[in-house]
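One-letter residues, chain by chain:
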Amino acid sequence: MTTSASGGRPAGAPAPAGRRPVRTTDGAPAGRRPPWVLLVPACVAALFALLPLGYLAVRAFERGPRYAWDVVGDERTLQLLARSLSLTAAVVAACLVLGVSLAWLTVRTALPGARAWSVLVTLPLAVPSYVAAFAWLASAPRTAGFGGAALALTLVSFPYVHLPVAAALRGIDPAQEEAARSLGHGPVRTFLRVTLPQLRPAAAGGALLVALYVLSDFGAVSLMRYDTFTRAIHTSYRASFDRTPAAALSVVLVVMTVALVAAETRTRGRAGHARTGAGTARPAVPVPLGRWRIPALAWCTTLVAAAVAFPLGTLGYWLAVGNSATWDVGALGEAAWTTLGVAAAGAALTTLLALPVGVIAARHRGGGARLLEQAAYAGHALPGITVALSLVFFAVRYAYPLYQQLPLLIGAYAVLFLPVAVAATRAAVLQAPPVLEDVARSLGRSPLRVLREVTVPLAAPGVAAGAALTFVVCMKELPATLLLRPTGVDTLATRLWTETGSGSFAAAAPYAAALILLAAVPSYLLGRHRT
Amino acid sequence: MRRPSARRITALLAAGLLLPVLASCGSGDGKGGSAEGGDSALVIYSGRNEKLVKPILDKLEKAVGAKVEVRYGDSAELAAQILEEGDRTKAGLFFSQDAGALGALSKEGMLAKLPQSSLDEVDKAYRGEAGDWVGLSGRVRVIAYNPDKVAEGKVPDRVADVTKPEWKGKVGFAPTNASFQAFVTGMRVLEGDDATRLWLKGLKANGKVYTNNLATLDAVESGEVSLGLVNHYYWYERVAEKGEDKVGAQLKFLPGGDPGALINVAGVGILKDGGQAGTAQKAVDYLLSKEAQTYFADTTKEYPLAAGVTSNVEGLPPFESLESPDIDLGKLESLQETLAMLQDVGLV
């Protein structure tokens, strides 16, 4: 199972006939207070994630609440809010359509080459938003603006929806769908009436990641010249070097994040079911596509072409033209090596921090657990530069020896991408039957041993998938890397930035291509990964 | 199905945990740090692009006789970083792409006063008012035009004229570009806010928006637009890359102190608290030297500002011949108002 929020039945739906009632998370150990062995590291992770908020509070109110309020209360803020939210809504809606349709086609239908497609449609994850935006802009300057920003962001982020929904589809018991079909409903109607409602939690979880990604994106909106909150924050740093207005605007982003996370929690509801006894669901019988086969193939082809082949093709074109194309193999290799190293360490730390938070979010209810999860999300919608400056602030004061050293950069990745790993962990744990933990506990195992011997092994594939996803997003990160990397150390993203900054796109192309190809490896594994 | 894929991904994760260890073995651990180790090494925060200035900074290392570490980044973001670092900054020298970022550090009192001998190398117009930063190279705003679309004689003499109806849909510009914004700031200082706002509205009605100077120049070359508001050196770099016969655009340097001929500078300042003042001063001296100034003239095609060096790039009008507006670069710091205006008009 990947980053899914479990493909369970909606709460209260009757259990399918011939199967023992399934225990839900509500049933079993829900209300219990999380054990210390989880609570303490989870709190550490949450505090870590809250660092940027501490910084923002210091900076935003530096000149008194009145000044901060003047910035936030400005008419322009409302306008930016509207722009950010409309872009987010458009991208989320488009990603839901793309992600869900592709998941259904690749998992549930007799689509020719379904397995290959399920890998191919994961690859857009490997494309940085700024590369996608650049490719479109270079070929079609008219795409600039809202449409272009929405296009570029949708094409790089629909796998966030596709992955969990596809995983959920594999996990859903086909019995209900077969019942619907036997009652004479066609495949489309069955999908809309029976399958789709069961996918809601998975789709909502993916949509949340997409929304937070859009809110924090700078690359695509900046190239497409669509002013959002994040871009305004950058502009504010740039224009005045005054950190107060930027911080005040960032606080608004944090508020938006909390609202989005709360909305997602409501949508998710009490869904989250695990199966015991009969084990995993039978594979569903693939829906024959008939004459819809051609349009279905065309749909998949178009999306993969637009999201992966097109940017790669553009890079190839840049490589072919212009004599600034210089293959500095040494620099390329060194940057690739560094990128792999920092991204892997970032993914490892993030996953480690996410584990206790994810387990608590899946297994425990109540205000405390919810607060922990929300804290983990707090920094996710913030622009990279804000998170980076907050770490500069803290490191210079409290951890000076670490400043501009690799561990700090890796820490920044953890703050930025904790939610990606938390979402994956939470979903993976939800799929592991809590009854097994109960049994282990009743046999006298300590909470730590239960975690180590039952929960973690059961959730391991999902957690590892989350780690792979985090690995990909770390590789692509730019603004925080620019500010926090050790002097003289370069990643593929920073080299790419250097080359495009001097206008030699042909020289930038090898770095962009290397970045996409390397990030494609974990993306490929994610696409192949099935429960 | 669960087993093999779980194992594969777990293996990936394990490999991931090992990689950073290996990477840190390979990437030379001696880097970074040493900021407080007296005056030995020099850390330069460079807002200027690595491609453009690395060769000269390599030579600088020999000239100052100390190890030099360069941190490349975006001028504005590096300035924000230095401000956040405060008195514990690792930077000894800040090499900025524009006067604005240096002005911001100067305003916060983070730059050390430069000796008069350094300041006197450069015309008063191109150095900090408080004597704590100095310009190294200048770039001038110009109008690029496509000779197939517009005869040389018809190219406007004043940037104000591009809002005339005859240029509707024919003017390319990059409103998000820092140089464009500096030029608009200059226009505000020279002609007032009302006139500038009116001009921006006209430009919006007439113009086509591009990502940056290069994209604007491309559009002029391809004939997508007839005119483009750009910096001069992009054209000379392109000519150096492709050969003049393959570059379809030409440049017009505006006469008569027009705001469209504004000169902006890249420059350096020494960080008071960087603890590297000695080497930093040697670096400033080197950057103002004949060798470095010649580099800026020949390689980046900018105008050298010191050491009596004149550019001998073919076709580049002599610096003295430029009729740029008389303006205090320090006043370009009111960029925020410019941005507010650009946002108001709907250009950024």
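Residues numbered from 1 in each chain as written. Chains lettered and ligands numbered in written order. Predicted model: local features only at pLDDT ≥ 70, side-chain atom pairs only at ≥ 80, totals over all residues. Heavy atoms only, no water.

> Quick rundown of the overall build of chain A? Include the residues and the values.
Counting secondary structure elements, chain A contains 22 helices and 0 strands. Counting across all 531 residues of chain A, residues that qualify as buried make up 63%. Pairs at least 24 apart in sequence give 86% of the contacts found in chain A among residues at least 6 apart. Taken as a whole, chain A presents about 18,700 Å² of accessible surface, with 67% of it coming from carbon and sulfur. (Helix = DSSP H or I, 4+ residues; strand = E, 2+ residues; numbered from the N terminus. Buried < 20%, exposed > 50% of the residue type's maximum accessible area, 1.4 Å probe, protein only. Contact = heavy atoms within 4.5 Å. Areas by Shrake-Rupley, 256 points an atom, 1.4 Å probe, with all protein chains shown as cover.)

> Report on the packing of helix α8 (residues 213-222) of chain B against helix α9 (residues 232-242) of chain B, specifying residues and quantitative values.
The angle between the axes and the distance between the axes are what describe a pair of packed helices. Residue and element names in this part refer to chain B. Contact geometry of α8 with α9 gives a least axis separation of 10 Å together with a crossing angle of 65°. As summarised for this structure, α8 and α9 are arranged roughly perpendicular, according to the angle between their axes. In this structure, α8 crosses over α9, and the sense of that crossing is right-handed. The segment α8 lies against α9, with Asn-213, Leu-214, Leu-217, Asp-218 and Glu-221 engaging Tyr-234, Trp-235, Arg-238 and Lys-242. (Axes fitted to C-alpha atoms, helices over the stretch in contact; angles between N-to-C directions. Parallel < 35°, antiparallel > 145°, perpendicular 65-115°, else oblique. Left-handed = near helix turned anticlockwise from the far one by under 90°.)

> An account of the side chain of Glu-77 of chain B is needed here, citing residue identities and associated values.
Examined against the element boundaries, Glu-77 of chain B turns out to sit in helix α3 (residues 75-85). A relative accessible area of 6% places Glu-77 of chain B in the buried class. The contacts of Glu-77 of chain B, once residues within four sequence positions are left out, are His-234, Arg-238, Ile-385, Leu-482 and Leu-483 of chain A.

> Describe the UniProt feature "binding site: Fe cation" (unreviewed entry) in chain B, and please don't skip the residues or the numbers.
Residue and element names in this part refer to chain B. Taken from the UniProt record, the annotation "binding site: Fe cation" (unreviewed entry) applies to Tyr-233 and Tyr-234. For Tyr-233, the position within the fold is in helix α9. Of note, Tyr-234 is situated in helix α9. (UniProt positions renumbered as here; feature names shortened; annotations may be inferred.)

> Break down the pairing of strand β3 (residues 93-96) of chain B for me, with residues and values.
Residue and element names in this part refer to chain B. Covered by surrounding structure in β3 are Leu-93 and Phe-95 together with Phe-94 and Ser-96, the residues of both alternating faces. Bridging between strand β1 (residues 42-46) and β3 involves 3 bridges; their strand directions are parallel. Across the sheet, the residue bridging to Ser-46 is Phe-95, located in β3. Pairing geometry for β3 and strand β9 (residues 263-270), over 4 bridges, is antiparallel. Within β9, the position partnered with Phe-95 by the bridge is Val-268. (Pairing = 2+ DSSP bridges.)

> Help me get a handle on the packing of aromatic side chains, residues and values and all.
Following the criterion strictly, the structure yields 19 aromatic pairs over all chains and no others. Ring geometry for Tyr-400 of chain A versus Tyr-403 of chain A: centroids 6.4 Å apart, planes at 25°, classification stacked. Comparing Tyr-400 of chain A with Tyr-403 of chain A shows no difference in burial state: the two are buried. Note on Trp-235 of chain B and Tyr-236 of chain B: the rings are 4.9 Å apart at their centroids and 85° apart in plane angle, and the pair reads as edge-to-face. Counting every residue linked through ring pairs, the aromatic cluster contains Tyr-55, Phe-393, Phe-394 and Tyr-398 of chain A. Above the ring of Tyr-226 of chain A, the side-chain terminus of Arg-83 of chain A is found at 4.4 Å from the ring centroid. The ring of Tyr-400 of chain A has Arg-88 of chain B sitting right over it, with the charged end atom 4.0 Å from the ring centre. (Phe/Tyr/Trp six-rings, centres within 6.5 Å; stacked < 30°, edge-to-face > 60°. Lys NZ or Arg CZ within 6 Å of the ring centre and 35° of its normal.)

> A description of helix α6 (residues 146-157) of chain A should follow, citing residues and the corresponding values.
All names here are of chain A. Taking 1.5 Å of rise per residue, the 12 residues of α6 would be expected to cover 16 Å, and the 16 Å separating its terminal C-alpha atoms lies within 8% of that figure. Taking burial as the measure, the 12 residues of α6 include 9 buried ones, the bulk of the element. Taken as a whole, α6 has its buried residues at Gly-148, Ala-149, Ala-150, Ala-152, Leu-153, Thr-154, Leu-155, Val-156 and Ser-157. For α6, the secondary structure elements touched by its buried residues are α3 (75-108), α5 (129-139), α7 (159-171), α9 (187-216), α10 (219-223) and α13 (293-320). (Expected span 1.5 Å × (residues − 1).)

> Which residues make up the pattern of salt bridges, and what values do they have?
Applying the stated criterion to the full structure yields 26 salt bridges over all chains. Put simply, Glu-499 of chain A and Arg-495 of chain A hold a salt bridge, and the shortest N to O gap is 3.6 Å. Highlighted residues: Glu-499 of chain A and Arg-495 of chain A, both in helix α21 (residues 492-501), separated by 4 residues, approximately one helical turn. Residue Arg-495 of chain A is classed as buried on the basis of its relative accessible area of 9%. The shortest N-O distance in the salt bridge between Lys-54 of chain B and Asp-58 of chain B comes to 3.2 Å. With Lys-54 of chain B and Asp-58 of chain B both in helix α2 (residues 50-64) and 4 residues apart, this pair spans about one turn of that helix. (Salt bridge = Lys/Arg side-chain N within 4 Å of Asp/Glu carboxyl O.)

> How would you sum up a nonpolar patch on the surface? Please name residues and give values.
Residue and element names in this part refer to chain A. On the surface, a cluster of nonpolar side chains totalling about 320 Å² of accessible area is made up of Trp-36, Val-40 and Val-44. As for its position among the elements, Val-40 is in helix α1 (residues 36-60). A residue is classified by how much of its surface remains accessible, and Val-40, at 45% relative accessible area, is partly exposed. (Patch = residues over 30% accessible without salt bridge, like charges linked within 9 Å, V, L, I, M, F, W, Y side chains within 5 Å.)

> Tell me about the pairing of β9 of chain B, and please be specific about residues and values.
All names here are of chain B. Most of β9 sits out of view: 8 of its 8 residues are buried. What you see with β9 is no split at all: Ile-263, Val-265, Gly-267 and Gly-269 on one side and Asn-264, Ala-266, Val-268 and Ile-270 on the other are buried throughout. As defined by bridge partners, strand β4 (residues 134-145) adjoins β9 across 6 bridges and the pair is classed as antiparallel. Note that in β9 the partner of Gly-138 across the bridge is Val-265.

> Give a description of the environment of Ser-182 of chain A that names residues and reports values.
Turning to its location among the elements, Ser-182 of chain A is positioned in helix α8 (residues 175-182). Along the chain, Ser-182 of chain A and His-162 of chain A lie 20 residues apart, while their C-alpha atoms are 28 Å from each other.

> Describe helix α16 (residues 384-398) of chain A, naming the residues involved and giving the relevant values.
Here α16 of chain A spans 21 Å end to end across 15 residues, near enough to the 21 Å set by a 1.5 Å rise per residue. When you tally the buried positions in α16 of chain A, you get 13 out of 15 residues, the bulk of the element.

> How would you sum up the nonpolar core? Please name residues and give values.
Membership of the largest hydrophobic core comes to 259 residues, with the highest contact counts inside it found for Leu-60, Leu-93 and Phe-94 of chain B. The leading source of residues in this core is α9 of chain A, at 13 residues. Beyond its immediate sequence surroundings of up to four residues, Leu-93 of chain B is in contact with Leu-42, Val-43, Ile-44, Tyr-45, Val-268, Gly-269, Ile-270, Leu-271, Ala-280, Ala-283, Val-284 and Leu-287 of chain B. Core analysis: the second largest hydrophobic core is formed by 26 residues, Val-357, Ala-421, Leu-430 and Leu-451 of chain A among them. (Core = buried A, V, L, I, M, F, W, Y, C linked by side-chain atoms within 4.5 Å.)

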